[in-house]
Amino acid sequence: MEHHLSIILITIVALGVFSQWVAWWLKMPAIVLFLVSGVLAGPVLGVVNPSEDIGEVLSPLVGLAVAVILFEGGLSLRLHEFKEAASGVKRLVSVGAALSWLLYTLAAHYIGQLSLPVSLLFGAILIVTGPTVIIPMLRQAGLNRRTASYLKWEGIINDPIGALLAVLVFQYFVFAGADAADGMQVFIDLGWAILISLILGGGVAWLLGWAFNHTWVPEYLKAPLTFAFVLVIYGVASEFFAEAGLLAVTVMGMIMGNMSIAGMAELRRFKEYITILMVSTVFIVLTADLDPNVLLHLDWHAGALVLAVLFVVRPAAVFLSTMFTDMNWRDRVLVGWIAPRGIVAAAVAGVFGPRMVEAGYGGAEQLLPLIFAVVFSTVILHGFSIGRLARWLRLSSEPKGVLIVGASPWSTELARALTNELDVQVVLVDSSWHRLRTARLAGVRVLYGEVLSEQIQQSLELNEIACLLAATSNDAYNALVCSHYVTSLEHDRVFQLPMYAADEDNGAKIVARPLRGRPAFNNNAQYEELWRRHFQSWQFYKTRITESYSFEDFKRDCPADAIFIARRYADGTLLFNAAGGTPRAEVGDTLIYYAPKKDAGDRRRARAERAVAASGRTLPGALPDSEAALERERQEGNDSNA
């Protein structure tokens, strides 16, 4: 039995993580693959049956996982994001939640033909649009920070609100019934539960932050201790009122995420890893546990209700609740369409649906299949459409920009060439206004300040950045910048100027390799060397690879001492060359390289080679291959000074 359970758990975890990996390769929503994997492993093939294999501990385990997920979501809610989208966010989590409950209830009662108590429970559950589905979608869609804030704040705040409201409705109708005194007691208990959750979550967050900053906790214990407290807070708060623990851990995450806590970056990274693992496995578990027979309870009323939820109720609730706010129409259209439901909605319906059936409420047997129908519909439709809709509404962009840290004469000239000649979106950051002056006058977008400061990080739209180059004179500082941004941009897109080759043999003189970014260009492109070549009048050049001028032709004609800088792909994305890497290019790509300035004699000689090649003669010193000479001259129009 134990061996069988081990195989089941391994299968669930492997399916979840591999689904994430395949989704990344295919550039598709991971949540869709979770659904497909879970359905295949459970109802279709029968490999996994969580209710039977795991037993009674399944529901508590799912609850603990959701608590950790909500805590991590709270950590990601930053106050500066709230200030940017405050008006819309406040409406979405207050008026929007109340209006959604009302409209979902009316739709369930009049379209779905459910009894009023079941309709109220259905409406409360559908308020939930939690981080289990929103965060993976936002990661895939690349929305701008303001629009993403609306969906993120709404999803994370409304998750515990919807769950608590569902508990309130359930307890009122199942336990209180027609007794007015008992019904009032349910509301009193809910009020106390909310107050206790706020005090408990906020107080523990403040105490933990204080203990971390005053070195009462060693670094290696910060993440495990926080994880333990999340579980404890969830359990204690839930003893006062069912699902109140979700609110407590969300508040705890929000407060800790906005405190200046030493080691917060490592804590966030640890929680992100745990959350990715839990989101993957819990979604696999819930979909694998779906009984296909429950879908037999659905009829055409159910189909009409799902369509109303998708195309009428959600857009109406968002548009009505955000009237007279600073949300523009594009944001309202996107938020009005995107509202995927996930783990919390399915889990709450799975717990309360059967008990409403036992209590004899009409239509309660349809609650669980209806919620799963909404989950499947929203995850698939919203998962595949969010990226396309965001691009159509111009609320997202492909990451094609370049972030350069450090304004030197060389990096300023590189930024100018990329901006003015190749139309690449460049942001040049430096803490010296004087060093930025030349770039600003040349039309380059500059950002004055410390790139590691919170203010500058709030100003950067990292979803627009394709790669980063740390190009200051301080190798250790370059490494620090790269290690900070590597979690946002991926390691293969974070570069720094290489350190001296001579120092590579002496490990005591250089920053450890795991802490550095990728060395850019080639091993001799150190800061001082690039500075020297800049004052020797080296320049940036661009060459476009075409059908008539191949990459092999470029390598043959490029100066031997040239430094290959970057490759601009046909779609406009730019990626720097890594030192030691082999430059490559395809038709339509543009190569940027740094080489000595071409003088007038070089150009006259190229024209002469072209002329004599046409007559079949050869100039002294010219290439004997007339075709090569002709191609080089033809490249005069293709190979231009950047």
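Every value quoted in this text rests on a predicted model; they were computed, and no experiment measured them.

(A) Highlighting the overall build of the protein chain. On a plain count of helices and strands, the protein chain comes out with 27 helices and 11 strands. The buried share of the protein chain, taken over its 642 residues, is 52%. If you take every contact in the protein chain between residues at least 6 apart in sequence, the share linking residues at least 24 apart comes to 76%.

(B) The arrangement of a nonpolar patch on the surface in detail. Taken together, Val13, Val17, Phe18, Trp21, Val22, Trp24, Trp25, Leu26 and Leu277 make up a surface patch of nonpolar side chains, about 960 Å² in accessible area. Per-element tally for the nonpolar patch: the top contributor is helix H1 (residues 2-26), with 8 residues.

(C) Molecular detail of the pattern of salt bridges. Under the counting rule described, the total for this entry stands at 11 salt bridges. Arginine 556 is the partner of aspartate 557 in a salt bridge, and the nearest nitrogen-oxygen pair spans 3.2 Å. A relative accessible area of 42% places arginine 556 in the partly exposed class. Here the residues in one salt-bridge network are Glu529, Arg532 and Arg533, joined through shared partners.

(D) Focus on unusual backbone geometry. The phi dihedral of arginine 394 is positive, around 60 degrees, even though this residue is not glycine. Within the secondary structure, arginine 394 sits in the loop between helix H18 (367-392) and strand E1 (401-405). Assessed through its relative accessible area of 62%, arginine 394 is described here as exposed.

(E) Region of interest: the packing of helix H8 (residues 116-126) against helix H17 (residues 343-358). Between H8 and H17, whose axes approach to 10 Å, the crossing angle comes to 170 degrees. By the angle between their axes, H8 is roughly antiparallel relative to H17. Helix-helix and strand crossings are classified by hand; for H8 and H17 the assignment is right-handed. Residues Pro117, Val118, Leu121 and Ile125 of H8 pack against Ala345, Val348, Ala349, Phe352 and Met356 of H17.

(F) Quick look at the layout of surface pockets. One number sums up the size of the second largest pocket: a volume of about 920 Å³. For the second largest pocket, the lining is made up of 37 residues, of which Ser59, Pro60, Glu243, Ala347 and Val351 are closest to its centre. Here the lining of the second largest pocket gets 9 residues from one element, more than from any other, and that element is H17. The class makeup of the residues in the lining of the second largest pocket is 24 nonpolar, 7 polar and 6 charged.

(G) Region of the structure containing helix H2 (residues 30-44). With 15 residues, H2 should reach 21 Å at 1.5 Å per residue; the first-to-last C-alpha distance of 20 Å fits that figure. Taken residue by residue, H2 has Ala30, Ile31, Val32, Leu33, Phe34, Leu35, Ser37, Gly38, Ala41 and Gly42 as its buried positions. Of the residues flanking the end of H2, it is glycine 46, one or two places downstream, whose phi is positive at about 70 degrees.

(H) Region of interest: the nonpolar core. Phe122, Ile125, Leu143, Met252, Met256, Phe283 and Ile371 are the most contacted members of the largest nonpolar core, which has 132 residues in total. Considering each element in turn, this core owes the most residues, 15 residues, to helix H10 (residues 145-176). Isoleucine 371 has contacts with Phe122, Ile125, Leu126, Ala345, Ala346 and Ala349, leaving out every residue within four places of it along the chain. Counting 37 residues, the second-largest nonpolar core is a separate cluster that includes Val444, Leu497, Phe521 and Ile565.

(I) Representation of the sheet that holds strand E4 (residues 465-470). With parallel pairing, 6 strands are arranged side by side in an open sheet as E3-E2-E1-E4-E5-E6. Pairing within the sheet leaves two strands with one partner each, and these edge strands are strand E3 (445-448) and strand E6 (518-519). Taken together, the 4 bridges between E1 and strand E2 (residues 426-430) define a ladder with parallel strand orientation. Residue valine 405 lies in a different strand from E2, and its bridge partner there is valine 429. Relative to E3, helix H20 (residues 433-441) is tilted by about 170 degrees, and along the sheet it contacts E2 and E3. Running over the sheet, helix H22 (residues 475-489) touches E1, E4 and strand E5 (494-496) and is turned about 175 degrees from E5.

(J) Focus on the packing of aromatic side chains. Inspection of every chain in the model, using the stated rule, returns 16 aromatic pairs. A ring pair is formed by phenylalanine 372 and phenylalanine 376, whose centres lie 6.4 Å apart and whose planes are at 50 degrees; its orientation type is tilted. Taken together, the residues phenylalanine 372 and phenylalanine 376, both in helix H18 and 4 residues apart, mark about one turn of the helix. A residue is classified by how much of its surface remains accessible, and phenylalanine 372, at 8% relative accessible area, is buried. The class for phenylalanine 376 is partly exposed, based on a relative accessible area of 22%. Their ring planes at 45 degrees and their centres at 5.6 Å tell us that tryptophan 531 and phenylalanine 535 sit as a pair that is tilted. Placement of both tryptophan 531 and phenylalanine 535 in helix H24 (residues 527-535) is noted, with a separation of 4 residues, approximately one turn of the helix. When its relative accessible area of 36% is taken as the criterion, tryptophan 531 is described as partly exposed. Members of the aromatic cluster, connected to one another through ring pairs, are Trp410, Phe495, Phe521, Trp538, Phe540, Phe576 and Tyr594.

Each value, and the rule that gives it
- Residues numbered from 1 in each chain as written.
- Predicted model: local features only at pLDDT ≥ 70, side-chain atom pairs only at ≥ 80, totals over all residues.
- Heavy atoms only, no water.
- Helix = DSSP H or I, 4+ residues; strand = E, 2+ residues; numbered from the N terminus.
- Buried < 20%, exposed > 50% of the residue type's maximum accessible area, 1.4 Å probe, protein only.
- Contact = heavy atoms within 4.5 Å.
- Patch = residues over 30% accessible without salt bridge, like charges linked within 9 Å, V, L, I, M, F, W, Y side chains within 5 Å.
- Areas by Shrake-Rupley, 256 points an atom, 1.4 Å probe, with all protein chains shown as cover.
- Salt bridge = Lys/Arg side-chain N within 4 Å of Asp/Glu carboxyl O.
- Axes fitted to C-alpha atoms, helices over the stretch in contact; angles between N-to-C directions.
- Parallel < 35°, antiparallel > 145°, perpendicular 65-115°, else oblique.
- Left-handed = near helix turned anticlockwise from the far one by under 90°.
- 1 Å grid on protein atoms, 1.4 Å probe; cavity = no way out; pocket = protein on both sides within 12 Å on 5 of 7 lines; lining within 4 Å.
- Points joined across faces, edges and corners; volume = space filled by probe spheres on them.
- Nonpolar A, V, L, I, M, F, W, Y, C, P; charged D, E, K, R; others polar.
- Expected span 1.5 Å × (residues − 1).
- Core = buried A, V, L, I, M, F, W, Y, C linked by side-chain atoms within 4.5 Å.
- Pairing = 2+ DSSP bridges.
- Phe/Tyr/Trp six-rings, centres within 6.5 Å; stacked < 30°, edge-to-face > 60°.

Interpretation in functional terms is not warranted from these geometric data alone.
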